[in-house]
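Tertiary structure, described
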Amino acid sequence: MFSLLDQVVLRLLPVRHPERLVIVKETGNHYGNSFGPNTMSWPMFEDLRSNNQVFSEMFCRFPAHVMIGYSDETVQISAELVSSTYFQTLGVEAVLGRTIGHDDDSVPDSKPVVVLSYSFWQSYFDGDHTILGRTIALNGQAMTVIGVAQPGFDGVKMGETREGIRSHHDEDRMTPHSDGLKDRRRRLSWVTTYVSLKPGISTEQAQASLQPLLHSILEMEVQQPEFTRSATDADREPLLRNRIELLPGSDNGLRE
């Protein structure tokens, strides 16, 4: 799935409950490849999503540069790979068609889809209402346009220029040395995770609740062949001391 967005800014964004949005960060040592200080692996994202008691919603994202081709024109744009819960968590709707949803992930071998930002739809496609259902090429991969996001929404990162957001678990041409968004490697830390805290749950309460869960996940990870075949006790012990930190969304590009 892919949403093409223009100038990622949340300052006037009609996001649902922006005061509850935080970034989940694992602090401490990381053993493996990392694409940023606030990133985690897709399996860690799934583990936290499935077993936590303090988040009402969560999504992850990864920035990418892609070539978009439509008709006879091809240009390079910035983009994001995102999980299917992206729009739902933020409370962003479509002005035309629909946004990415859970069904796009639940259908086996589902085809990648695209949601255009309103500004990109206007500038690149001249506001053409017949764009729905059409196919565009992103890095040579055919994707179907399913919607246009509401005006004023251009993404979640202040001060960046992002024309695209994408979510798809089978296609790997948007990601560096990965197997698509649902990469199973636990030693590849690359997606940034945003969560919406449940009503009444403070940041401090959420962090305290997540420490035992993180520790159990790490205990499992250090038993995996991906870790044991190359790591030593000197790598293992610091990793098991890692902790969860929740960063306020307002400090990371989110604005009411």
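Below, the structure is looked at part by part. The model shown is predicted, which means the values in this text are computed figures rather than measured ones.

Cut-off values and rules
- Residues numbered from 1 in each chain as written.
- Predicted model: local features only at pLDDT ≥ 70, side-chain atom pairs only at ≥ 80, totals over all residues.
- Heavy atoms only, no water.
- Pairing = 2+ DSSP bridges.
- Helix = DSSP H or I, 4+ residues; strand = E, 2+ residues; numbered from the N terminus.
- Phe/Tyr/Trp six-rings, centres within 6.5 Å; stacked < 30°, edge-to-face > 60°.
- Buried < 20%, exposed > 50% of the residue type's maximum accessible area, 1.4 Å probe, protein only.
- Salt bridge = Lys/Arg side-chain N within 4 Å of Asp/Glu carboxyl O.
- Axes fitted to C-alpha atoms, helices over the stretch in contact; angles between N-to-C directions.
- Parallel < 35°, antiparallel > 145°, perpendicular 65-115°, else oblique.
- Left-handed = near helix turned anticlockwise from the far one by under 90°.
- Contact = heavy atoms within 4.5 Å.
- Nonpolar A, V, L, I, M, F, W, Y, C, P; charged D, E, K, R; others polar.
- Core = buried A, V, L, I, M, F, W, Y, C linked by side-chain atoms within 4.5 Å.

1. Brief notes about the pairing of strand β6 (residues 73-82)
As paired elements, strand β5 (residues 55-70) and β6 share 10 bridges and run antiparallel to each other. By the bridge assignment, Y70 is partnered in β6 with E73. In textbook terms, the turn of a hairpin is the stretch between consecutive antiparallel strands, and for β5 and β6 this stretch comprises two residues, one of which, S71, has a positive phi near 60 degrees.

2. As for the pairing of β5
As paired strands, β5 and strand β13 (residues 191-197) are joined by six bridges and run antiparallel to one another. Across the sheet, the residue bridging to R61 is T192, located in β13.

3. Regarding the packing of aromatic side chains
Per the counting criterion, the structure on display carries 13 aromatic pairs. Measuring from ring centre to ring centre gives 5.0 Å for W42 and F45, while their planes differ by 40 degrees; the resulting arrangement is tilted. Of this pair, W42 and F45 both sit in helix α1 (residues 42-51), three residues apart, roughly one helical turn. Residue classification places W42 among the buried positions, given a relative accessible area of 1%. Each member of the aromatic cluster is reached from another via a ring pair, and the members are F59, Y86, F87, F153 and Y194.

4. Section: the pattern of salt bridges
Scanning all chains against the criterion turns up eight salt bridges. E221 is the partner of R186 in a salt bridge, and the nearest nitrogen-oxygen pair spans 2.9 Å. Of this pair, R186 sits in the loop between β11 (165-166) and β12 (188-189) while E221 sits in helix α5 (residues 203-221); the two residues are 35 residues apart in sequence, bridging distant segments of the chain. For the pair R186 and E221, a shared accessibility class is recorded, and that class is buried. In this structure, E221 engages R187 in a salt bridge whose closest nitrogen and oxygen atoms are separated by 3.4 Å. Taken together, the residues span a long stretch of sequence, with E221 in helix α5 and R187 in the loop between β11 and β12 at a distance of 34 residues.

5. Brief notes about the packing of α5 against helix α7 (residues 233-240)
Remark: α5 packs on α7, axes separated minimally by 10 Å, with the N-to-C direction vectors making an angle of 165 degrees. Taken together, the axes of α5 and α7 are roughly antiparallel relative to one another. At the point where α5 passes α7, the crossing takes the right-handed sense. Between α5 and α7, the residues in contact are H215, L218 and E219 and R236, L239 and L240, respectively. Of the residues in the contact of α5 with α7, the class split is three nonpolar, one polar and two charged.

6. A word on the packing of α1 against α5
Running from amino to carboxyl end, α1 crosses α5 at an angle of 140 degrees, the nearest separation of the two axes being 11 Å. As judged from the angle between their axes, α1 and α5 are oblique. Remark: the crossing between α1 and α5 carries right-handed chirality. For the pair formed by α1 and α5, the contact residues are M44, D47, L48 and N51 on the first element and L213, L214, I217, L218, M220 and E221 on the second. Broken down by class, the residue content of the contact of α1 with α5 amounts to seven nonpolar, one polar and two charged.

7. As for the nonpolar core
If you look at the biggest cluster of nonpolar residues, it comprises 31 residues, and the most contacted ones within it are V24, L48, F55 and L246. It is α5 that provides the largest number of residues to this core, a total of six residues. Those residues within four positions of L48 in sequence are excluded, and the remaining contacts are V24, M40, M58, L213 and I217.

Any link to function would need more than the numbers given here.
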